[in-house]
Amino acid sequence: MKVVCMLVAILAFTSSLVSAYDPSPLQDFCVAVKEPDGVFVNGKFCKDPKQVKAEDFFLHVEPGNTNNPTNAQVTPVFVGQLPGLNTLGISLARIDFAQKGLNPPHTHPRGTEILIVLEGTLYVGFVSSNQDGNRLFTKVLNKGDVFVFPIGLIHFQLNVGYANAVAIAALSSQNPGTITIANALFKANPPISTEVLAKALQVDDKVIEELQKKSWYDQN
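Residues numbered from 1 in each chain as written. Predicted model: local features only at pLDDT ≥ 70, side-chain atom pairs only at ≥ 80, totals over all residues. Heavy atoms only, no water.

**Student:** So, the pattern of salt bridges: which residues are in play, and what are the values?
**Tutor:** According to the stated counting rule, one finds five salt bridges in the structure shown. Salt-bridge contacts for Lys47 lead to Asp56; the nearest nitrogen and oxygen are separated by 3.1 Å. What makes Lys47 partly exposed here is its relative accessible area of 23%. Residues Glu119 and Lys143 are paired through a salt bridge, measuring 3.5 Å at the closest nitrogen-oxygen approach. In this pair, Glu119 is assigned in strand 6 (residues 113-119) and Lys143 in the loop between strand 8 (136-141) and strand 9 (146-149), connecting sequence segments 24 residues apart. A relative accessible area of 40% means that Glu119 is categorised as partly exposed. On the accessibility criterion, Lys143 (58% relative accessible area) is exposed. (Salt bridge = Lys/Arg side-chain N within 4 Å of Asp/Glu carboxyl O. Buried < 20%, exposed > 50% of the residue type's maximum accessible area, 1.4 Å probe, protein only. Helix = DSSP H or I, 4+ residues; strand = E, 2+ residues; numbered from the N terminus.)

**Student:** Can you tell me about the packing of helix 3 (residues 194-201) against helix 4 (residues 205-213), naming the residues and giving the values?
**Tutor:** Between helix 3 and helix 4, the least distance of the axes is 9 Å, while the angle of their chain directions is 115°. The pairing of helix 3 with helix 4 is recorded here as roughly perpendicular in orientation. Handedness of the helix 3/helix 4 crossing: right-handed. Mapping the contact onto sequence places Thr194, Leu197, Ala198 and Leu201 in helix 3 and Asp205, Ile208, Glu209 and Gln212 in helix 4. The residue makeup of the contact of helix 3 with helix 4, split by class, is four nonpolar, two polar and two charged. (Axes fitted to C-alpha atoms, helices over the stretch in contact; angles between N-to-C directions. Parallel < 35°, antiparallel > 145°, perpendicular 65-115°, else oblique. Left-handed = near helix turned anticlockwise from the far one by under 90°. Contact = heavy atoms within 4.5 Å. Nonpolar A, V, L, I, M, F, W, Y, C, P; charged D, E, K, R; others polar.)

**Student:** Can you break down the packing of aromatic side chains residue by residue, with the values?
**Tutor:** Tallied over the full model, the rule gives five aromatic pairs. Arranged with centres 6.1 Å apart and planes meeting at 50°, the rings of Phe126 and Phe147 form a pair that is tilted. Of this pair, Phe126 sits in strand 7 (residues 122-127) while Phe147 sits in strand 9; the two residues are 21 residues apart in sequence, bridging distant segments of the chain. Through successive ring pairs, a cluster of aromatic residues spans Phe126, Phe137, Phe147 and Phe149. (Phe/Tyr/Trp six-rings, centres within 6.5 Å; stacked < 30°, edge-to-face > 60°.)

**Student:** Can you explain the nonpolar core? Please cite residues and give values.
**Tutor:** Counting 17 residues, the largest nonpolar core has Phe97, Leu115 and Leu122 as its most contacted members. Put simply, the parts of the chain that give this core at least two residues each are strand 3 (72-77), strand 4 (91-97), strand 6, strand 7, strand 9 and strand 11 (165-171). When neighbours within four sequence positions are excluded, Phe97 is seen to be in contact with Thr66, Asn71, Ala72, Leu102, Asn103, Leu122, Gln157, Asn159, Asn164, Ala165 and Ala167. (Core = buried A, V, L, I, M, F, W, Y, C linked by side-chain atoms within 4.5 Å.)

**Student:** Describe in detail a nonpolar patch on the surface, supporting the description with residues and values.
**Tutor:** On the surface, a cluster of nonpolar side chains totalling about 360 Å² of accessible area is made up of Ile114, Ile116, Leu118, Val146 and Val148. Only strand 6 and strand 9 provide two or more residues apiece to the nonpolar patch. For the nonpolar patch, the element with the highest residue contribution is strand 6, accounting for three residues. Tracing the backbone shows Val148 in strand 9. (Patch = residues over 30% accessible without salt bridge, like charges linked within 9 Å, V, L, I, M, F, W, Y side chains within 5 Å. Areas by Shrake-Rupley, 256 points an atom, 1.4 Å probe, with all protein chains shown as cover.)

This is the structure:
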């Protein structure tokens, strides 16, 4: 009986690991293709390997336009932009910051992020879960510095230098997803009840109504 219980526990543990991350590929590559009439649960359909070209693994990334409310721009290189990433379990993003630019608090529900600063100075941080007391971990990063944001935790990056900044973020999923906290709360479709938000944030209904009227910028 003990052996059976142990076997069940091991299977539960391993299956949870498998479901938490992108699946391992069983072939050299699986370039994503759009199939409008197809149905899939996770990932993308594969292009015929004989039709695959070098261009399927290539993408040129231009600097992002930081002329927006946060003065920062995230340019994702996920499977949606680079089909050759399909099944490979990785992606990246270029983040451009004007002076005082902010990549606002957000999470990646399906990927850990590791960030390297190419130019400038960034103040970065993440907040641990409720069970860990919502501790804030922060660091000022300069050119060449690297910082890791654990999977699913709220994190941010702020340009605190005197010039523009550029960073590259690598992620452990071909499609890590992004949830910008302000957008999720105040621009949900349909809107979250004012009563719910007012009680959760312990503010007056009018404060919530004003926040819902604002143009919250989505950083992808």
